[in-house]
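Given next are the chains, with one letter for each unit.
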Amino acid sequence: MDRVGSNLGFRFMAFGYKFRDLFRPRMVILKEVEIKPRDHVLDYGCGPGSYISRLAELVGKDGKIYGLDIHPLAIQSVLRIASTKQLANVETICSDCKTGLPDNSLDAVLLYDVFHKLSEQDAVLEELHRVLKPNGVLSFCDHHMGEDEIVSKVTKSGLFRLSRKGKRTYSFLKETLSIINPSSPRSLQSQR
Ligand SMILES: C[S@@+](CC[C@H](N)C(=O)[O-])C[C@H]1O[C@@H](n2cnc3c(N)ncnc32)[C@H](O)[C@@H]1O
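Values in this document were obtained by computation on a predicted structure and should not be read as measured data.

Draft legend 1. Inspection of the site of the ligand at higher detail. Near the ligand lie 19 residues; those nearest to it are Asp2, Gly45, Gly47, His71 and Asp96. Counting residues per element, the ones that place at least two in the shell around the ligand are helix H1 (7-23) and strand E2 (64-69). Its residues assigned to classes, the shell around the ligand shows 9 nonpolar, 5 polar and 5 charged.

Below is the structure:
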């Protein structure tokens, strides 16, 4: 179970992100993810919501955006963005791991600059694997981690495989698992 950061720390980060987003618009990063109209997308560890309105533009009114964060100020910030921009297709989830979303329901998950903070990294990856559709994309970046660490930590469980390395993000695809011998703990095998 992760701890919620201080309100002061969150506000400081949100202030800094205003400048980050001015100098490097978030759409530049999202272009690497190939999000389509009608997609359902989860922004895991959404923070103040830098990606939310850009995501809403990409998925359109028939798509859906979920902003998840452990911090109540993040949830407030995303709700404020949704209300100001009249985005009816944005929902928030306050959580440190579980999403409460149905199995195989998402086209993409953003996991940006949060993975290094997670105390239960494998549990979060399992949850994201559960909610992604079979061809769903886990889009990953974390400026606190090097490439080798990112790729080994995300792929070691066999739940994801690296599909593309962009300039700023790594795209991982969900591996589909099939049970070939239920009596054996080694029975999970990926279908390629
Ligand atoms: C550095 S910010 C990144 C925000 C956003 N992803 C971005 O790149 O603009 C990390 C966010 O992850 C949240 N966070 C930390 N641990 C978390 C957890 N276990 N589950 C969900 N969110 C978490 C923090 O509250 C914070 O808002």
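Draft legend 2. The environment of Gln76, seen in detail. The topology assignment puts Gln76 in helix H4 (residues 72-84). As for Gln76 and Pro48, which are separated by 28 residues in sequence, their C-alpha atoms are 8.3 Å apart.

Draft legend 3. Focus on unusual backbone geometry. Phi at Glu34 takes a positive value of approximately 55 degrees, unusual for a residue other than glycine. With respect to the helices and strands, the residue Glu34 is situated in the loop between helix H2 (26-30) and strand E1 (40-44). For Glu34, a count of 15 C-beta atoms within 10 Å gives the class partly exposed. Although it is not a glycine, Asp113 adopts a positive phi angle of roughly 55 degrees. Its place among the elements puts Asp113 in the loop between strand E4 (106-112) and helix H5 (121-131). Overall, the presence of 17 C-beta atoms within 10 Å leaves Asp113 in the partly exposed class.

Draft legend 4. Up close: the nonpolar core. The biggest cluster of nonpolar side chains holds 43 residues, and the ones touching the most others in it are Val41, Leu55, Val109, Leu111 and Leu138. Leu55 has contacts with Leu30, Ile35, Val41, Asp43 and Ile65, leaving out every residue within four places of it along the chain.

Draft legend 5. A look at H4. The end-to-end C-alpha distance of H4 is 18 Å, a good match for the 18 Å that 13 residues give at a rise of 1.5 Å each. Turning to H4, its buried residues number three or more, namely Ala74, Ser77, Val78 and Ala82. On an axial view of H4, the arc spanned by its buried residues comes to 135 degrees, and they lie on one face. Exposed positions of H4 whose direction lies more than 90 degrees from the buried face are Arg80, Ser83 and Thr84. The inward-facing, buried residues of H4 abut H1, helix H3 (52-59), E2 and strand E3 (90-94). Gln86, located one to two residues past H4, shows a positive phi value of around 55 degrees.

Criteria and thresholds
The numbers attached to residues start from 1 for each chain and follow its sequence in the written order. Given that the model is predicted, a residue must reach a pLDDT of at least 70 before its local features are reported, and side-chain atom pairs must reach 80 or more before they are shown or counted; all residues, however, enter totals for whole chains, interfaces and linings. Being near a molecule or strand means, for a residue, that its backbone-placed C-beta atom lies within 6 Å of it. By definition, any uninterrupted DSSP run of H or I lasting at least four residues is a helix, any uninterrupted run of E lasting at least two residues is a strand, and each is numbered from the N terminus. Following the grouping adopted for this structure description, the nonpolar residues are Ala, Val, Leu, Ile, Met, Phe, Trp, Tyr, Cys and Pro, the charged ones are Asp, Glu, Lys and Arg, and the polar ones are all others, Gly among them. Any residue surrounded by 20 or more other C-beta atoms within 10 Å of its C-beta is treated as buried, while 12 or fewer makes it exposed and the intermediate range makes it partly exposed; C-beta atoms here are placed from the backbone. Nonpolar core, as used here: buried Ala, Val, Leu, Ile, Met, Phe, Trp, Tyr and Cys residues forming one set through C-beta atoms within 7 Å. C-beta atoms are first placed from the backbone for all residues, and any pair lying within 7 Å is then listed as a contact. What a helix should span is 1.5 Å times the count of its residues minus one. Note that the arc is defined by the directions from the helix axis to the C-beta atoms.

The values reported here are purely geometric and, on their own, carry no functional implication.
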